[in-house]
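Now for the letters of each chain:
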Amino acid sequence: MKTTEKNYRLFFNQSCALCSTFPATETGLCEGCHTDLPWLVAACRCCAEPLTSHQDLLCPNCVKDPPPFDRTHAAFRYSFPINQIIPAVKYHRRPAMLGWLSRSLAQLMRDRLENDIPEALIPVPMHPWRSFRRGFNQAELIAAILGQELGIPVIEKGISRKAGGAHQAELNRQERLANLQHSFQVRRTLPASVAIVDDVMTTGATARELARTLREHGAVHIQIWALARTPS
Ligand SMILES: [Zn+2]
Ligand SMILES: [Zn+2]
């Protein structure tokens, strides 16, 4: 047994976070639940839009209008049970679920990253009043776990989201893009290679706008790491 696995068995809940009947592995889930999750297998190399075959490397959207980031890694499709767990984290304030979700993504990234390791992780900032109301920013919690698991520093200060603007969840793709224009503020220089961390990537509008802003402040090679991806 690996040391990390041993530590998890010692310090974390010993039973699976989803079914509580079987012992958890190092992600916090039992092997059965881990296998049954909707892992995102075939996806666009650039934006992780779910694709029907492994053959297409890019989705039509990325071919037509290339995003200002290089690559997106998402662990899951945003379908059952992920589409019930992530809203529960956010709207019913159950951040504990982010533990096994983030460790699953970390495990995947450990397998995928070779020389492509970003110098820093950047959680998508939240409007200050929204994070105040919720009590946490889920992207920050995910980034903290990923950073710890993978040994990558997390940029916690100097990047913010301006208050105002409608809630993205209530808007369509066009409205989202318009709503997001100039909505992020960066008050520091950035390393050349960074990964933006978020819980769910929906249309990719937030990732595009944040990546565009990061580029103006020194980021050159930008990846997106998300727990889940919805088809846009
Ligand atoms: Zn289980
Ligand atoms: Zn794409």
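From a predicted model like this one, the values you see are computed outputs, not experimental measurements. (Residues numbered from 1 in each chain as written. Chains lettered and ligands numbered in written order. Predicted model: local features only at pLDDT ≥ 70, side-chain atom pairs only at ≥ 80, totals over all residues. Heavy atoms only, no water.)

**Student:** Honestly, the packing of aromatic side chains in this entry has me stumped. Any pointers?
**Tutor:** The geometry of an aromatic ring pair is captured by the separation of the ring centres together with the interplanar angle, meaning the angle of the planes. This structure, assessed with the given rule, holds one aromatic pair. A centroid spacing of 4.6 Å and a plane angle of 45° characterise the contact between Trp39 and Phe76, whose relative ring orientation is tilted. Of the two residues, Trp39 sits in the loop between α2 (31-36) and α3 (60-64) while Phe76 sits in strand β1 (residues 71-77), which places them 37 residues apart along the sequence. (Phe/Tyr/Trp six-rings, centres within 6.5 Å; stacked < 30°, edge-to-face > 60°. Helix = DSSP H or I, 4+ residues; strand = E, 2+ residues; numbered from the N terminus.)

**Student:** Please clarify how the domain arrangement of the chain should be interpreted in this entry.
**Tutor:** Interface size is commonly expressed as the accessible surface area that is lost when the partners come together. Domain assignment breaks the chain into domain 1 (1-36) and domain 2 (39-229). For domain 1 and domain 2, the distance between their C-alpha centres works out to 25 Å. With ten residues of domain 1 at the interface, the matching set in domain 2 holds nine residues. Of the roughly 860 Å² buried where domain 1 meets domain 2, counting both sides, 56% is carbon and sulfur surface. Between the two partners, domain 1 and domain 2, sit zero salt bridges. Where domain 1 touches domain 2, the interface holds four residue pairs in polar contact (both at pLDDT 80 or more). A breakdown of the residues in the side of domain 1 that touches domain 2 according to their chemical character gives five nonpolar, four polar and one charged. (Domains from an automatic or database assignment. Contact = heavy atoms within 4.5 Å. Buried area = accessible area lost by both parts, 1.4 Å probe. Salt bridge = Lys/Arg side-chain N within 4 Å of Asp/Glu carboxyl O. Polar contact = N/O pair within 3.5 Å; in protein donor to acceptor, adjacent residues only side chain to side chain. Nonpolar A, V, L, I, M, F, W, Y, C, P; charged D, E, K, R; others polar.)

**Student:** What is the right way to look at the pattern of salt bridges in this model?
**Tutor:** Oppositely charged side chains can pair when the atoms bearing their charge come close. Taken as a whole, this structure holds six salt bridges when the rule is applied. Among the ionic pairs, Lys90 bridges to Asp199, the shortest N-O distance being 2.9 Å. Of this pair, Lys90 sits in helix α4 (residues 82-91) while Asp199 sits in strand β5 (residues 193-201), and the two are 109 residues apart along the sequence. Here Lys90 matches Asp199 in class, with each residue buried. The partner of Arg212 in a salt bridge is Glu216, with the nearest N and O atoms 2.9 Å apart. Residue classification places Glu216 among the exposed residues on the basis of a relative accessible area of 53%. Bridged by salt links that share partners, the residues Glu209, Arg212 and Glu216 form one connected network. (Buried < 20%, exposed > 50% of the residue type's maximum accessible area, 1.4 Å probe, protein only.)

**Student:** Help me understand the sheet that holds strand β6 (residues 221-229), please; the structure alone is not making it clear to me.
**Tutor:** In spatial order, the strands read β1-β6-β5-β2; together these four strands make up an open sheet with parallel pairing. This sheet does not close on itself; its edge strands, each paired only once, are β1 and β2 (120-123). Along the sheet, successive strands turn relative to each other by an average axial angle of 20°, direction set aside. Strand direction decides the pairing type here: β5 and β6, joined by eight bridges, are parallel. Paired with Ser193 across the bridge in β6 is His221. Against the sheet, helix α7 (residues 138-150) engages β2, β5 and β6, with an angle of about 130° to β5. (Pairing = 2+ DSSP bridges. Axes fitted to C-alpha atoms, helices over the stretch in contact; angles between N-to-C directions.)

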